[in-house]
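# Geometric and topological summary
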Amino acid sequence: MLALDRIIAAARAAPRAIVLPEGADPRIAAAARRAVREGIARPVLLGPMAEVMAALGGDARGIAVEDPATSPHLQAYAEELYLLRHDKGMDLAAAHRRIREPLAFAAMMVRMGDADGTVGGAVATTAETVRAALQIIGLAPEARLVSSFFLMLLCEDHHVQKGAYVFADCGLVIDPDAEELADIARASADSFTALTGERAKVAMLSFSTAGSARHARVDKVVEAARIARAARPDLVIEGELQFDAAFVAAVGAAKAPGSAIRGDANVFVFPNLDAANIGYKIAQRIGGARAIGPVLQGLAKPANDLSRGCSEEDAFHMIALTCAQASARFAAGAEGCPASLPGAAGAAWPATSAAPLPPAPFSEPDARRPPA
Ligand SMILES: CC(C)(COP(=O)(O)OP(=O)(O)OC[C@H]1O[C@@H](n2cnc3c(N)ncnc32)[C@H](O)[C@@H]1OP(=O)(O)O)[C@@H](O)C(=O)NCCC(=O)NCCS
Ligand SMILES: CC(=O)OP(=O)(O)O
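Being a predicted model, the structure only gives us computed values, none of them experimental.

### Some remarks on the state of the cysteines
Tallying each qualifying case throughout the model produces zero disulfides. Free cysteine: Cys170, not disulfide-bonded; nearest cysteine sulfur from Cys310 at 16 Å. In this structure Cys323 is a free cysteine whose sulfur lies 17 Å from that of Cys310, the closest cysteine sulfur available. On the basis of relative accessibility, which here comes to 0%, the residue Cys323 falls in the buried class.

This is how it looks when you write it as structure tokens:
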């Protein structure tokens, strides 16, 4: 499981302050404890102290706990939120109310450099989690769209083709037009390379392969592939392809004989959120794939989501991935990654600020940390 090893190694090399807004959830508390034990992050759990401590089983060693309702940062964060949103109709009183919500507070910690990244969504819906990130952290300077992907790991005995794959967009953009789909394809290719150090081979998925069906929905995918290729001629992007033609060499050869991918795609771009969300859950729940996500791409700083069905282990992996994103340590040649791989040269985490962030204030032992 090279991709996961790379992520955990990158996180361990520079453990970051990751704020977890759902600190009273037992899966999140357990993942935070494991993150400390394995030296991959400096977690900050948000929530009422008594509830968070109960979730931690009374052991908060290495973990900072912060209650947004009583935080000394409330005033400064509310003022920043007001400045950000007053042209959208938010007054100062509304900013004060909103910033007490843990998702908003966590996103503001990241915005203000008081944490390096955030992971929510074990309890909140994706819409709630992503909206806080969109509104408070915002787009990376070079990005036009925030989208998401799942890192899908096939590592069970029954997986004939083992390895790491990216499925997108399984979490955020509901009904992308051709331009947006092209954007998702480009961002997902860069994310795949950043994560694995390998060259991305992108399949733009459809119910049609190489003109086998005619429909406006097929046209959208063909157009998206054209736009993406024109924008990024350095990438391998093919479509429209059905999943079997993109994943199984013999089927690819039969259905798309001219395909350069030949059943060897590693980035699968679904035509809309229905297909993508349903597809990843089937691969996970029936197929036995490990699914890490939704990872957000296109934000100015790292903020990631979880499925409400996540396990403690899923949350742990997402903390590691968020740390690694914050360090943008996926450059070619990093641990576990053959430097000579084509397409990987210079790959850093896409559309995420690589500027070093100041140390998190909650990393020091301080008065807010409950006694061990
Ligand atoms: C993510 C989502 C909540 C955004 O919805 P929305 O109604 O546009 O949310 P908001 O209006 O609050 O958006 C906040 C801001 O982000 C912007 N925005 C919305 N989607 C964006 C995107 N994909 N990329 C960049 N900016 C985006 C909005 O334009 C808005 O900008 P503004 O505050 O300057 O006006 C919505 O797309 C959604 O519900 N997606 C599906 C989530 C889901 O249920 N997934 C399934 C389970 S994983
Ligand atoms: C990603 C996803 O589907 O999230 P949830 O299961 O929380 O809706």
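On we go.
### So, the site of ligand 2
Around ligand 2 sit Thr126, Phe150, Asn277, Tyr280, Lys281, Pro294, Ser307 and Arg308, and those are all the residues in its vicinity. At a separation of 2.7 Å, an oxygen atom of ligand 2 approaches a polar side-chain atom of Ser307. With respect to ligand 2, the side chain of Arg308 contributes an N or O atom lying 2.8 Å from an oxygen atom. For ligand 2, the accessible surface in isolation is 260 Å², of which the surrounding protein chains cover 86%. With respect to the detected pockets, ligand 2 is housed in the largest pocket.

### With respect to helix H2 (residues 26–37)
When the terminal C-alpha atoms of H2 are compared, their 16 Å separation across twelve residues agrees well with the 16 Å that a helix rising 1.5 Å per residue should span. Taken together, the buried positions of H2 are occupied by Ile28, Ala29, Ala31, Ala32, Arg34 and Ala35. Where H2 is buried, its residues meet strand S1 (16–20), strand S2 (41–46), helix H3 (49–55) and helix H13 (312–327). For H2, the N-terminal capping position is held by Asp25, with its side-chain oxygen 2.9 Å away from the main-chain nitrogen of Arg27. Count one or two residues on from H2 and you reach Gly39, which has phi positive near 65°.

### Digging into a nonpolar patch on the surface
Residues Tyr82, Leu83 and Leu92 make up a contiguous nonpolar surface patch of roughly 260 Å² in combined accessible area. Within the fold, Tyr82 resides in helix H4 (residues 74–85).

### Some details on unusual backbone geometry
Along the chain, Ala168 connects to Asp169 via a cis peptide bond; the corresponding omega equals -20°. Within the element layout of this structure, Asp169 appears in the loop between strand S6 (163–168) and helix H8 (178–196). In this structure, Pro294 follows Gly293 across a cis peptide bond, with omega equal to -5°. Secondary-structure assignment places Pro294 in strand S10 (residues 290–297). The phi dihedral of Ala210 falls on the positive side, at around 50°, and the residue is not glycine. The class for Ala210 is exposed, based on a relative accessible area of 54%. Phi is positive for Arg262, which is not a glycine, with a value near 50°. Take Arg262: it is sitting in the loop between helix H11 (249–255) and strand S9 (267–269).

Conventions used here
Residues numbered from 1 in each chain as written. Chains lettered and ligands numbered in written order. Predicted model: local features only at pLDDT ≥ 70, side-chain atom pairs only at ≥ 80, totals over all residues. Heavy atoms only, no water. Disulfide = S-S within 2.5 Å. Buried < 20%, exposed > 50% of the residue type's maximum accessible area, 1.4 Å probe, protein only. Near = heavy atom within 4 Å. Polar contact = N/O pair within 3.5 Å; in protein donor to acceptor, adjacent residues only side chain to side chain. Areas by Shrake-Rupley, 256 points an atom, 1.4 Å probe, with all protein chains shown as cover. 1 Å grid on protein atoms, 1.4 Å probe; cavity = no way out; pocket = protein on both sides within 12 Å on 5 of 7 lines; lining within 4 Å. Sits in = over half its atoms within 2 Å of the grid points. Helix = DSSP H or I, 4+ residues; strand = E, 2+ residues; numbered from the N terminus. Expected span 1.5 Å × (residues − 1). Contact = heavy atoms within 4.5 Å. Patch = residues over 30% accessible without salt bridge, like charges linked within 9 Å, V, L, I, M, F, W, Y side chains within 5 Å. Salt bridge = Lys/Arg side-chain N within 4 Å of Asp/Glu carboxyl O.

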